[in-house]
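One-letter residues, chain by chain:
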Amino acid sequence: MGVVQRLLLLLMFLALLVECLAYVMSKWGGYSSYPIYHIYTVVEYVFLMQIFSQTVTSRIFSRILRFSVPLFGLFALLNIVLWQPLNEPNTNATILTSIIMVIVAVSWFFLTLNEMRYSRIEKSSAFWICVGVLIYFSSSIVLFGFGNRLIEIELVDSISVWVIHILFNMIHYLCFNIALWMDPE
Amino acid sequence: MDGSGVAGEVNAIVIGMIGMFFLTLIIILFVVVYQRKLLKQERKHKAAEEAHQLELLQATIESQEVERDRIGRELHDGVGVMLSTTLMYLDHWKEEDEEGKARASKRVDELLHETIDSVRRVSANLRPVVLETLGLAEAIGDLTTTVANASGLNISFRSVYDHRLSQPHELNIYRVVQELLTNALRHAEATKITLEMTASADRFFLKYEDNGKGISKDQLGQKGLGLKNIESRVNALNGKLKLSNPSEGGLLITIDI
């Protein structure tokens with residue numbers, strides 16, 4: 001298992017932990033899980049940027065990804081302080097994450113095509129990570145773009161949206177699982 | 001809130017999400033298909049390059065065998081015959097009278113001198129002495145003079161040789177020039193040949209031009225043994241070879257190392 005796959009496994013474990021914690025907090029504690037997602041968004045960003053920077057050969061691109069981490073952290077902090085406090089959904093940070101992740105994933109595809117690094121691209125773990133990221137975060141741009149509006153709508157009326165979101169999330173983690181079994185980077 | 005308005009908003013979000021999903025699928029599919037296509041092209045190009053290198057190697061080996069064959073025949077038919085004749089005279093030496101011995105002595109002397117000249121010619125062809133002692137510019141100058149005198153061609157040679165190359169490099173370039181001149185004599189039907197050579201610390205440039213019949217596109221694609229030899233030697237020197245037919249006719253070859 002390579003470095004990338006270890007980071008991915010850790011990220012998936014953290015995601016599981018966060019989901020369990022959020023569930024427990026809301027079901028048994030009656031607390032809002034929004035604060036956890038404020039923190040998790042940043043943690044997820046850090047992990048994904050680290051994973052992507054390990055898979056690209058372009059040093060400039062790798063440096064840009066690493067440099068964006070503290071900038072994103074700063075933005076997330078400003079978002080909490082100025083626009084969306086901990087008890088509100090962090091749609092701003094989530095949309096920004098989604099847009100950046102889509103750009104990074106598409107850039108990875110473009111760079112990899114130019115480099116001709118793989119004989120079969122679908123056998124690389126990085127490919128499946130990008131597929132999962134692209135599928136989930138592209139739909140998240142739409143979802144969280146209307147996130148604040150969706151909160152105002154009754155869950156019964158917006159259930160189809162959340163079902164699709166869950167489906168894409170499942171595909172997202174399914175792709176990550178496939179990435180764990182592919183050739184290490 | 002208007003129910004149909006809410007449903008419309010929800011539907012718009014759903015359509016948006018599904019639309020993004022299909023767009024993503026298209027991108028992923030494009031990447032996989034395009035990558036396969038690029039890989040196929042690269043493999044094809046690599047195979048062609050390997051086939052070409054093999055061709056050059058075979059040409060080099062064939063050329064070496066031809067050269068060895070020629071040297072072998074020259075030694076056998078020239079040196080071998082003369083030494084055998086000398087031995088024959090020496091074998092019958094005791095049987096001859098004084099006059100006969102004098103004639104035989106003179107003949108043996110002539111034969112030995114011819115043998116020495118023949119060996120020197122073969123040796124000079126294998127490793128030109130001028131190249132080793134005076135350098136590339138003088139050796140090529142000497143070669144062009146010899147060829148011009150023997151063939152009647154008008155051959156001009158200009159050089160700016162400020163930076164002497166290593167011996168193996170000089171020998172390779174000398175062989176290239178030999179091959180160029182041989183090709184010109186055999187195939188070009190030229191009356192005038194121009195050679196220019198410049199060498200500095202970081203660049204060597206050789207230009208060959210003649211006023212012969214040039215080279216056709218077919219001949220460029222299916223190069224003869226001589227051109228393949230030249231290409232092989234230039235590749236070994238990490239150089240670039242360019243062949244073209246100038247507008248005024250003839251053939252222009254440039255070698256840039």
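Keep in mind the model is a prediction, meaning the values are calculated, not measured.

About the thresholds
Residues numbered from 1 in each chain as written. Chains lettered and ligands numbered in written order. Predicted model: local features only at pLDDT ≥ 70, side-chain atom pairs only at ≥ 80, totals over all residues. Heavy atoms only, no water. Helix = DSSP H or I, 4+ residues; strand = E, 2+ residues; numbered from the N terminus. Buried < 20%, exposed > 50% of the residue type's maximum accessible area, 1.4 Å probe, protein only. Contact = heavy atoms within 4.5 Å. Areas by Shrake-Rupley, 256 points an atom, 1.4 Å probe, with all protein chains shown as cover. Buried area = accessible area lost by both parts, 1.4 Å probe. Salt bridge = Lys/Arg side-chain N within 4 Å of Asp/Glu carboxyl O. Pairing = 2+ DSSP bridges. Patch = residues over 30% accessible without salt bridge, like charges linked within 9 Å, V, L, I, M, F, W, Y side chains within 5 Å. Lys, Arg positive; Asp, Glu negative; His and termini not counted. Charge placed at Lys NZ, Arg CZ, Asp CG, Glu CD. Phe/Tyr/Trp six-rings, centres within 6.5 Å; stacked < 30°, edge-to-face > 60°. Core = buried A, V, L, I, M, F, W, Y, C linked by side-chain atoms within 4.5 Å. Expected span 1.5 Å × (residues − 1). pLDDT = per-residue confidence, 0-100. Axes fitted to C-alpha atoms, helices over the stretch in contact; angles between N-to-C directions. Parallel < 35°, antiparallel > 145°, perpendicular 65-115°, else oblique. Left-handed = near helix turned anticlockwise from the far one by under 90°. Nonpolar A, V, L, I, M, F, W, Y, C, P; charged D, E, K, R; others polar.

Concerning the overall build of chain A
Consideration 1: Scanning chain A for helices and strands turns up seven helices and zero strands.
Consideration 2: Reading chain A from its N end, one meets helices and strands in the order α-α-α-α-α-α-α.
Consideration 3: When each of the 185 residues of chain A is scored for burial, the buried share is 45%.
Consideration 4: Residue pairs in contact within chain A that sit at least 24 positions apart in sequence constitute 72% of those at least 6 positions apart.
Consideration 5: With the model as given, the accessible surface of chain A reaches about 9500 Å², and the carbon-plus-sulfur share is 71%.

As for the interface of chain A and chain B
Consideration 1: Tallying the contact residues gives 29 residues for chain A and 23 residues for chain B.
Consideration 2: Both sides together, the interface formed by chain A and chain B hides about 2400 Å², and carbon and sulfur atoms give 79% of it.
Consideration 3: Across the chain A-chain B interface, the total number found is one salt bridge.
Consideration 4: A salt bridge links R36 of chain B to E122 of chain A; the shortest N-O distance between them is 2.0 Å.
Consideration 5: Taken together, the elements giving at least two residues each to the side of chain A that touches chain B come down to helix 4 (91-115), helix 5 (125-145), helix 6 (147-152) and helix 7 (155-181) of chain A.

Focus on the pairing of strand 3 (residues 204-210) of chain B
Residue and element names in this part refer to chain B.
Consideration 1: Side chains F204, L206, Y208 and D210 project from strand 3 onto a buried face, and the interleaved F205, K207 and E209 project onto a face without burial.
Consideration 2: Relative to strand 3, strand 2 (residues 192-199) runs antiparallel, the two being bridged by seven bridges. Bridge assignment links I193 to a residue of strand 3, and that residue is D210.
Consideration 3: Once strand 2 ends, the chain turns through four residues before running back antiparallel as strand 3.
Consideration 4: Direction of pairing for strand 3 relative to strand 5 (residues 251-256): antiparallel, over a ladder of six bridges.

Some details on a nonpolar patch on the surface
Consideration 1: There is a patch of nonpolar side chains on the surface, built from L74, L77, L78, V81, L82 and W83 of chain A and spanning about 630 Å² of accessible area.
Consideration 2: Tracing the backbone through its elements, the reader meets V81 of chain A in helix 3 (residues 59-83).

Re the pattern of salt bridges
A side chain of one charge can pair with a side chain of the opposite charge when the charged atoms of the two come close.
Consideration 1: Following the criterion strictly, the structure yields 14 salt bridges over all chains and no others.
Consideration 2: Of the charged contacts, one joins E99 of chain B and R103 of chain B as a salt bridge, the two residues approaching to 3.4 Å between their closest N and O atoms. Of this pair, E99 of chain B and R103 of chain B are both found in helix 2 (residues 98-126), four residues apart, which corresponds to roughly one turn of the helix.
Consideration 3: What makes R103 of chain B exposed here is its relative accessible area of 54%.
Consideration 4: Note that K207 of chain B and E209 of chain B form a salt bridge whose closest N and O atoms lie 3.9 Å from each other.
Consideration 5: Residue class for K207 of chain B comes out partly exposed when judged on its relative accessible area of 24%.
Consideration 6: The network of salt bridges with shared partners includes R120 and E122 of chain A together with R36 of chain B.

Regarding a negative patch on the surface
Residue and element names in this part refer to chain B.
Consideration 1: A cluster of acidic side chains, namely D91, E95, E96, D97 and E98, defines a negative patch on the protein surface.
Consideration 2: Checked against the element boundaries, D97 lands in the loop between helix 1 (3-91) and helix 2.
Consideration 3: Judged by relative accessible area, which is 51%, D97 ranks as exposed.

Observations concerning the packing of aromatic side chains
Consideration 1: Here the structure, examined in full by the defined rule, presents eleven aromatic pairs over all chains.
Consideration 2: Taking the centre distance of 5.0 Å and the plane angle of 80° together, the rings of Y136 of chain A and F137 of chain A count as edge-to-face.

Observations concerning the nonpolar core
Consideration 1: Counting 63 residues, the largest nonpolar core has F52, W108, F109, I129 and V133 of chain A as its most contacted members.
Consideration 2: Of all the elements in the fold, those that place two or more residues in this core are helix 1 (3-29), helix 2 (34-55), helix 3, helix 4, helix 5 and helix 7 of chain A together with helix 1 of chain B.
Consideration 3: Per element, the largest residue contribution to this core is 13 residues, and it comes from helix 5 of chain A.
Consideration 4: Those residues within four positions of I129 of chain A in sequence are excluded, and the remaining contacts are V4, L8, I51, F52, F176 and A179 of chain A.

Observations regarding the side chain of T94 of chain A
Consideration 1: Along the polypeptide, T94 of chain A turns up in helix 4.
Consideration 2: A residue is classified by how much of its surface remains accessible, and T94 of chain A, at 14% relative accessible area, is buried.

Focus: helix 4 of chain A
Consideration 1: The end-to-end C-alpha distance of helix 4 of chain A, which contains 25 residues, comes to 36 Å, matching closely the 36 Å that a straight helix rising 1.5 Å per residue would cover.
Consideration 2: Downstream of helix 4 of chain A by a residue or two, M116 of chain A has a phi angle that is positive, lying close to 55°.

Considerations on the confidence of the model for chain A
Consideration 1: Model confidence for chain A is summarised by a mean pLDDT of 89, while 98% of its residues fall at 70 or above.
Consideration 2: Looking over chain A, one finds the lowest element-wise mean pLDDT in helix 6 of chain A, namely 69, and the highest in helix 3 of chain A, namely 93.

Re the pairing of strand 4 (residues 240-244) of chain B
Residue and element names in this part refer to chain B.
Consideration 1: Bridging between strand 4 and strand 5 involves five bridges; their strand directions are antiparallel. Each bridged residue has a counterpart across the sheet, and for L241 the counterpart in strand 5 is I255.
Consideration 2: Hairpin connection of strand 4 to strand 5: six residues between the antiparallel strands, including G249 at a positive phi of 100°.

Topic: helix 7 (residues 225-236) of chain B
Consideration 1: Between its first and last C-alpha, helix 7 of chain B extends 16 Å over twelve residues, near the 16 Å set by a 1.5 Å rise per residue.
Consideration 2: Every buried residue of helix 7 of chain B is accounted for by G226, L227, K228, N229, I230, E231, S232 and V234 of chain B.

Some words on the packing of helix 2 of chain A against helix 5 of chain A
All names here are of chain A.
Consideration 1: Put simply, helix 2 and helix 5 touch, their axes get as near as 11 Å, and they point 140° apart. The angle between helix 2 and helix 5 falls in the class oblique. Once helix 2 is placed against helix 5, the crossing between them reads as left-handed. Along its contact with helix 2, which presents E44, L48, I51, F52 and T55, the element helix 5 presents A126, I129, C130, V133 and F137.
Consideration 2: A per-class count over the contact of helix 2 with helix 5 returns eight nonpolar, one polar and one charged.

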